[in-house]
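As a plain string of letters, each chain reads:
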Amino acid sequence: MTSEIIKICNLKSSVEGQQILKGIDLDIKAGEIHVIMGPNGAGKSTLANVLMGHPAHKVDTGEVTFMGKDLLTMKVDERAKAGLFLSFQYPEEVPGVTVENFLRTAKKEVAGIMPMALSFKKELHSKMEMLNMDSKYLERYLNQGFSGGEKKKNEILQMAVLNPKLAILDETDSGLDIDAIRVVYESVQKLSKADNAILVITHYNKILNYITPDYVHVLVDGKIVRSGDVTLAEEIESKGYEKREW
Amino acid sequence: MRKESGEHMAKKTYIEEVNRGVYDIINKEDHRYKADRGLTEDIIREISREKDEPQWMLDYRLKSLEIFNAKPMPTWGADLSELDMDNIVHYVRPNTDMSTSWDDVPEDIKQTFDRLGIPEAEKKSLAGVGAQYDSEVVYHSMREDLKAKGVVYTDMDSAVKAYESIVRKYFMTMITNRDHKFSALHGAVWSGGSFVYVPEGVEVDFPLQSYFRLNAKGAGQFEHTLIVVEKNASLHFIEGCSAPKYSVQNLHAGAVELFVKEGAKLRYSTIENWSRNMYNLNTKRCMVEKNGKIEWVSGSFGSKVSMLYPMSILKGEGASSEFTGITFAAKGQYLDTGTKVVHAAPNTTSIVNSKSISKDGGHAFYRGLLRVTPNAVNVKSTVNCESLMLDNRSKSDTLPIIEIGNEQVDIGHEAKIGRISDDTIFYLMSRGISEAEAKAMIVRGFVEPITKELPLEYAVELNNLINLELEGTIG
Amino acid sequence: MNFRQYHQEAFNKMETPVWNRVSLPKGMFPIPSYKMDASITSDSEHIHIMTFQEALDTEHAISPLEKEAKKHLGDHFSHFINGYFNSGYVIRSTSKALEVPVVDIHYILSGETRTLIDNHLIVAEPGAKLDVIIDYHAEPANENTPQKAFEPMNHYGLTRVIAKHGSHVRIFKLQRLNQTAHHFDQVLASVEESAVVDVFDIQVGSQFKAISYETDLKGRRSEAHINSIYFGDKDSKSDLSFTMNHQGQKSNSSILSKGALDSNALKVFRGNLFFETGASQSVGKEEEFVMLLGESIKSDSIPALMCSEDDVIGEHAASVGQVDLNKLFYLMSRGFSETEAKKLIIKASFEEILSAVPYEAFKVTVSEEVDKRVY
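Note that this is a predicted model, so its numbers are computed, not measured.

(A) Seen up close, the overall build of chain C. Scanning chain C from N- to C-terminus turns up seven helices and 18 strands. The C-alpha atoms of chain C give a radius of gyration of 20 Å, which matches the 21 Å a tight globule of 375 residues would have. A principal-axis box enclosing the C-alpha atoms of chain C has dimensions of 65 × 55 × 45 Å. In chain C, buried positions account for 50% of the 375 residues.

So this is what it looks like as structure tokens:
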């Protein structure tokens, strides 16, 4: 499979007049898993938010083609409907809206039709089982009072339900214990198919124990300074990010 | 407003006015007797004569009128300067007598209540219904099995005669004509309202409902509701209020007196959707005896000006109160609402949950009082106030006063004001939900604690009331 | 007509004020016939100090705007203090040094000099830093103390704080007068763009205390934080009021109050957060914690959030209750007496605020004063 999911060309963005992304180029094809690593403040989360269309981020220049369409002119919900998914680093709490109600509404919007209540519920239960989540979460208000790990599992549950073409996982491992990290990444690995792609953003090297990326990129100061395969991640683990030749 | 360059999210959320639809339909005025504008002793005597009341009631009315004339207009809270008391008609008798059969209610009045879904609700989920049109109750019914158990549900005017000893024992003992100018006015011109008596140990399993409709232009509605729930009995009472919109002011100065006896439980729900020319200056109080419980569920959506603070007096040891309220102030509305709780006995507990939304220049004001008297030890109370502002033309104020008179208490209070977070909208939109739906979802979630306390029909009505239309360009 | 005369005249025309929640004590507004000097020290050449009277008498030493004092505890108090002050300083800082300059002001009231009326102006010029410590202290009574020393001591104070562009001012106030004293203090702060005003207000003494802080967050990204500690002695009355007016965009404020009330103490706490239209993206928070130690206390809380701007975050929280019995039990099981255990719990609660105070001697004094008063 070589069909293209996303193509990012010379993407620059800023927040309140300060440039964060300073020219990103990245191609992701179907069936691939990419990992972006980099030090704090390099712009990793910014890249995720710019692709999803966060209103605080202004795109200065650059082009992004997603599933053959111009991503940057789309509204946030249109991006989701086109098959883009972002697992948030800090998922928002929405009081009064139950997880089930939320998932059904989102599924209806993304799939274009209202899912059948019974089969949808069945699907939810099996996916929650995979994530080791108690089904009582369906009745709880979205992310309200959830622990860090519960929030992240809930993100992956949404990913599993919405079945995106490209899932961006923004620091999904942060704040989780080892067991939760394992459950989350094993689920992500299972959700990786020949017709979709996954972009993992992390500064946690050990994820290689749970997931097998095809490409590893190093993001420093708003630019991808090096790309390679798994061995690059191992190199970073031993040498750190501060290599001058990058 | 100043906005720096490069700043995002400047586009504000706009939520359209609630579509009042059926509430605004005006019926032709057809009444048997309409008092003159303004208030004189002659009018009071005439009202009392029309009602064929006992002498003590007439005396009380006349005394109240005297106090009303002597008391100054309140100067705190709402601006009442536009309220012209001389232009309010204080008594309008519709051209019909009270009926116990829906078929006997005149066609135009029946249509009004049909449109509001009242008879429908009665069939489905109520144990009894009362409907007041202008100053008098036009319809009343209750399930036979409750009658057999001794439950009384009738209009207040009939009760004065049929249950005189009970009425005389309780009537205007908790809200007196000396409390404030509008309680004095109420004492003078009160008409209609509901009387409920639940005997010891009787649990009324379905709610009773009263619906108040003010159709006459420039009129006042002054219904009196008196409910006595005896020892270990329980009741859920619902009141709904609406009126069509006129260009002149209408006034609502009702009084609600609730007596919850030892171990008894009362839930009192109100969905108030008066038209936007109404001055809603209502007084509600509840006295709770040992181990009794009062639950207030209160939705304030309508009226031009509201000043409404249901009060719980926890008089007996172990008594408790719970208040759940939502206030939605839109264009041209000043809604000053809240609740008062007086802990006057040991081991009493209270919970207050208040939410408000203001938009399009509306002004929502939460004003609350929590008082713990020196003898009321081991009191527990939590007060929560949350306000959502949908634009910066609106105003939202919170003033929860807490007065603690002894050291053995555990009191917590939290208040929050803010708008819908852009990050929350972004989060929902990133899952494919449109901006308008995301905002509506957040607002519905915000009022969810109230809707879940209401019977299904009312929850649906409330959701229709918050029929939000949003537009914007985030993303 | 000079400044003093103007205010004296205005004061004399006014009716005696009446307060609803806390009734005012007898013998208000005594006019002293003497001047009072503080011991005042400063450690920096970039600090300019003169007395308030000197500043009034010197041309251009003080601008009309800087003299202004809007209504606070009431016009009465502002006029009285401006008309009859017997002490007070104008302090200006131009210091941008890394080391924050400190001005230390120490007042001792005694049997002879029972009434202090101090009128201050504190100005931090653009980018400047300044710490001001003001300590109000009563000379302990002894057998030689004249009889009239047992009449109450009086303090009436007015402090204006002007924090100009990018400056940072910290005010540390300690009131530890004796158990019969009357203390009235008002502080008005004006915070310009990117400036910060931090206040540590510690009230452990006096029979009657009424304090009022009003801060205008005028500039963009202006910041003000008030940290209040109070101890309500047996039979004491306290009226504490803190107001933040958010006017500038992205302004940030907090009010944190920690108090303890002993038997028969009466306290009113007023916390006001105002968000004016245009103060978008501002954040204001207030928190009040009250520990009830004795019997027959009365504790009123009146927190207000007044909001005309939607794009803000305003929050208030209050919690009022007795000393945690489990904590008390735990400490007593380790050999602490009940009084010692209570002291420890109170001081631990105050510590959250005191830990941010960089002056060791100040902290030790507060701790000693609490020890003296809890019994």
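(B) Here's a closer look at the pairing of strand E4 (residues 102-109) of chain C. Residue and element names in this part refer to chain C. Where burial is concerned, the two faces of E4 differ: the one with Val 103, Ile 105, Tyr 107 and Leu 109 is buried and the one with Val 102, Asp 104, His 106 and Ile 108 is not. Pairing analysis gives four bridges linking strand E1 (residues 39-42) to E4, with the strands arranged antiparallel. Counterpart to Ser 42 in the pairing with E4 is Val 103. Inspection of the sheet shows E4 paired to strand E6 (residues 129-138) by eight bridges, in the parallel sense. Paired with Val 102 across the bridge in E6 is Asp 131.

(C) Region of the structure containing the interface of chain B and chain A. Chain B puts 23 residues into the contact, and the matching count from chain A is 27 residues. For the side of chain B that touches chain A, the secondary structure elements donating two or more residues are helix H9 (422-429) and helix H10 (435-451) of chain B. The greatest single-element share of the side of chain B that touches chain A, amounting to seven residues, is contributed by H10 of chain B. Across the side of chain B that touches chain A, the residue classes break down as nine nonpolar, eight polar and six charged.

(D) Representation of the confidence of the model for chain A in the model. Summing up the model confidence of chain A, the mean pLDDT is 90 and the portion of residues at 70 or higher is 97%. Mean pLDDT values for the elements of chain A range from 80 in helix H7 (residues 230-239) of chain A up to 96 in strand E6 (residues 84-87) of chain A.

(E) Expanded view of the nonpolar core. Core analysis: the biggest nonpolar cluster contains 297 residues, and Leu 166 and Ile 168 of chain A, Val 229, Val 260 and Leu 266 of chain B together with Val 161 of chain C have the highest contact counts within it. Top contributing element to this core by residue count: H10 of chain B, with seven residues. Those residues in contact with Val 229 of chain B, other than ones at most four positions away along the chain, are Val 198, Ser 234, Leu 235, Phe 259, Val 260, Lys 261, Ala 264 and Leu 266 of chain B.

(F) A look at the interface of chain B and chain C. Facing the 33 residues of chain B at the interface are 34 residues of chain C. Among the secondary structure elements, those contributing two or more residues to the side of chain B that touches chain C are strand E26 (395-404) and strand E27 (409-418) of chain B. Of the residues in the side of chain B that touches chain C, the class split is 13 nonpolar, ten polar and ten charged. Summarising the sheet, E26 of chain B and strand E17 (residues 298-307) of chain C pair through six bridges and their orientation is antiparallel. Bridge pairing in E17 of chain C places Glu 403 of chain B opposite Asp 300 of chain C.

(G) How the structure looks around the sheet that holds strand E5 (residues 69-70) of chain A. All names here are of chain A. Taken in spatial order, the four strands make up an open sheet running E2-E1-E4-E5, and their pairing is antiparallel. Each edge of the open sheet is held by one strand with a lone partner, namely strand E2 (18-29) and E5. As defined by bridge partners, strand E1 (residues 4-15) adjoins E2 across nine bridges and the pair is classed as antiparallel. From the neighbouring strand, Ile 8 faces E2, where its bridge partner is Leu 26. Of the strands in this sheet, E1, E2 and strand E4 (58-66) are in contact with helix H1 (residues 44-52), which crosses E2 at around 75°.

(H) Main features of the sheet that holds strand E11 (residues 215-220) of chain A. Residue and element names in this part refer to chain A. Read across the open sheet, the six strands follow the order E6-E9-E10-E3-E11-E12; overall the sheet is mixed. Sheet topology places E6 and strand E12 (223-228) at the edges, where each strand pairs with a single neighbour. Neighbour-to-neighbour, the strand axes of this sheet turn through a mean angle of 20°, independent of strand direction. In terms of strand pairing, E6 meets strand E9 (residues 166-170) through four bridges, oriented parallel. Residue Leu 84 lies in a different strand from E9, and its bridge partner there is Leu 166.

(I) Inspection of the pairing of strand E14 (residues 265-273) of chain B at higher detail. Residue and element names in this part refer to chain B. Most of E14 is tucked away: seven of the nine residues are buried. As paired strands, strand E11 (residues 234-242) and E14 are joined by nine bridges and run parallel to one another. Residue Phe 237 lies in a different strand from E14, and its bridge partner there is Tyr 268. Of the pairings in the sheet, the one linking E14 to strand E17 (residues 293-300) comprises eight bridges and is parallel in character. Bridging from a neighbouring strand, Thr 270 pairs with Ser 298 of E17.

Definitions and cut-offs
Residues numbered from 1 in each chain as written. Chains lettered and ligands numbered in written order. Predicted model: local features only at pLDDT ≥ 70, side-chain atom pairs only at ≥ 80, totals over all residues. Helix = DSSP H or I, 4+ residues; strand = E, 2+ residues; numbered from the N terminus. Rg over C-alpha atoms; globule rule 2.2 N^0.38 Å. Buried ≥ 20, exposed ≤ 12 C-beta atoms within 10 Å, placed from the backbone. Pairing = 2+ DSSP bridges. Contact = placed C-beta atoms within 7 Å. Nonpolar A, V, L, I, M, F, W, Y, C, P; charged D, E, K, R; others polar. pLDDT = per-residue confidence, 0-100. Core = buried A, V, L, I, M, F, W, Y, C linked by C-beta atoms within 7 Å. Axes fitted to C-alpha atoms, helices over the stretch in contact; angles between N-to-C directions.

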